[in-house]
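# Coordinate analysis (summary)
Spelled out, the chains give:
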Amino acid sequence: MNAAADIRATAETARVLLDPARLRGPDTRVRSEPFAFLVAGDQLPAEAADALARDFPRYPSAGFFPHDPADCGPSVNRLVAELTAPAFGDAVGELLGVEGLGSKPSLVTLCRLLNLRHGTIHTDSRSKIVTALVYLNEDWPAISGGCLRFLHRIDDIDDLVVPEIRPLYGTLVAFRRADNSFHGHLPHEGERRVVQVAWLTSEDERLRKTRRGRLSRFFKRVFGGLDRRLGAGRDRNAAHRD
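Residues numbered from 1 in each chain as written. Predicted model: local features only at pLDDT ≥ 70, side-chain atom pairs only at ≥ 80, totals over all residues. Heavy atoms only, no water.

### Some points on the layout of surface pockets
Unoccupied space between atoms shows up once a probe the size of one water molecule is rolled over them. Quantified by volume, the largest pocket comes out at close to 970 Å³. The wall of the largest pocket is formed by 32 residues, among which F64, H122, D124, K128 and Q196 lie closest to the centre. Among the secondary structure elements, those contributing two or more residues to the lining of the largest pocket are β3 (64–66), β4 (106–114), β5 (128–135), β8 (183–184), β9 (190–200) and α5 (203–230). Take the lining of the largest pocket: its biggest share by element is 5 residues, from α5. Residue composition of the lining of the largest pocket, grouped by class: 9 nonpolar, 15 polar and 8 charged. (1 Å grid on protein atoms, 1.4 Å probe; cavity = no way out; pocket = protein on both sides within 12 Å on 5 of 7 lines; lining within 4 Å. Points joined across faces, edges and corners; volume = space filled by probe spheres on them. Helix = DSSP H or I, 4+ residues; strand = E, 2+ residues; numbered from the N terminus. Nonpolar A, V, L, I, M, F, W, Y, C, P; charged D, E, K, R; others polar.)

Rendered as structure tokens:
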């Protein structure tokens, strides 16, 4: 890296990307029923988009994988650090009715690619207290595939609580896990960049999920073609409980 590029990278990592106060902007939607969730747009500076796209990991396989700083460039690692900072977790928790969320163990996973099997309706596991996702796609086609849906039921992808959420750059969604926190999206295949953080019930759960995520990454690297074919014909209302 030459001196100019080194200075540019340092400036990018020094920039504040996520401001907890921005979560309380006038366009942020917060709901408590049928479960607690929020939808907030424009949470990232527009000028950081190029760096975040450049620094996002080039996973060859589809799915979510545990964050490894070695996979990412400086701006993505900065985003992860800010997303997992106690102040940001507490700000999300305050809006969703969870006290002291920022002190809970957190697990960050990143996704670059989706297969058609992804997005089936589920609630998230009981070990997750709150999940937040930050989308990094500069544009999105005029389709419903890949757009997050919060749902009233586990058996109907079209029974929406609010309009589906396009995974556009700077959009942040977060929800409190509950037995009825149904969510999913219609099938989509291709690139869909997102950073996800889950605040968990214990450090043991964080370690267990990290190990499982790394093992999943290995198997998907080896059997990625099979993984892609198995889910190609999934039903639009396919679901699993957690």
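### Some details on the pairing of β9
Counted residue by residue, β9 has 9 buried out of 11 residues, so it is predominantly covered. Relative to β9, β4 runs antiparallel, the two being bridged by 8 bridges. In the sheet register, T109 faces β9, and the bridge partner there is Q196. (Buried < 20%, exposed > 50% of the residue type's maximum accessible area, 1.4 Å probe, protein only. Pairing = 2+ DSSP bridges.)

### Considering helix α4 (residues 86–96)
Those residues of α4 lying buried are F88, G89, A91, V92, G93, L95 and L96. On the buried face of α4, the contacting elements are β1 (29–31), β2 (37–40), α3 (74–83), β5, β7 (172–176) and β9. Directly after α4, the chain includes G97, whose backbone phi takes a positive value near 80°. (Contact = heavy atoms within 4.5 Å.)

### Concerning the environment of P163
Along the chain, the position of P163 falls in the loop between β6 (149–150) and β7. Sequence spacing of P163 and L148 is 15 residues, and the spatial spacing of their C-alpha atoms is 9.1 Å.

### Considering the sheet that holds β9
Pairing is antiparallel in the open sheet, where 7 strands are placed in the order β1-β2-β7-β5-β9-β4-β3. Both edges of this open sheet fall to β1 and β3, since each of them pairs with a single strand only. Across this sheet, the average inter-strand angle for adjacent strands is 15°, counted without regard to direction. As paired elements, β3 and β4 share 3 bridges and run antiparallel to each other. (Axes fitted to C-alpha atoms, helices over the stretch in contact; angles between N-to-C directions.)

### So, the confidence of the model for the protein chain
Per-residue pLDDT for the protein chain averages 90, and the proportion of residues at 70 or more is 87%. Below pLDDT 50 for its whole length, residues 1–7 participates in 2 contacts with residues either more than four positions away or in separate chains. Long-range and interchain partners of residues 9–13, a stretch whose pLDDT sits below 50, account for 7 contacts in this model, where long-range means more than four residues apart. (pLDDT = per-residue confidence, 0-100.)

### Some words on the environment of A239
Along the chain, A239 turns up in the segment after α5. Exposure remark for A239: the relative accessible area of 43% places this residue in the partly exposed category. With 83 residues separating them in the primary sequence, A239 and D156 have C-alpha atoms 9.1 Å apart. Here A239 is in contact with T120, I121 and I154, once residues within four sequence places are set aside.

### Some remarks on α3
Buried within α3 we find S75, V76, L79, V80, E82 and L83. Angular distribution of buried residues about the axis of α3 spans 165°; they occupy a single face of the element. (Arc of directions from axis to C-beta.)

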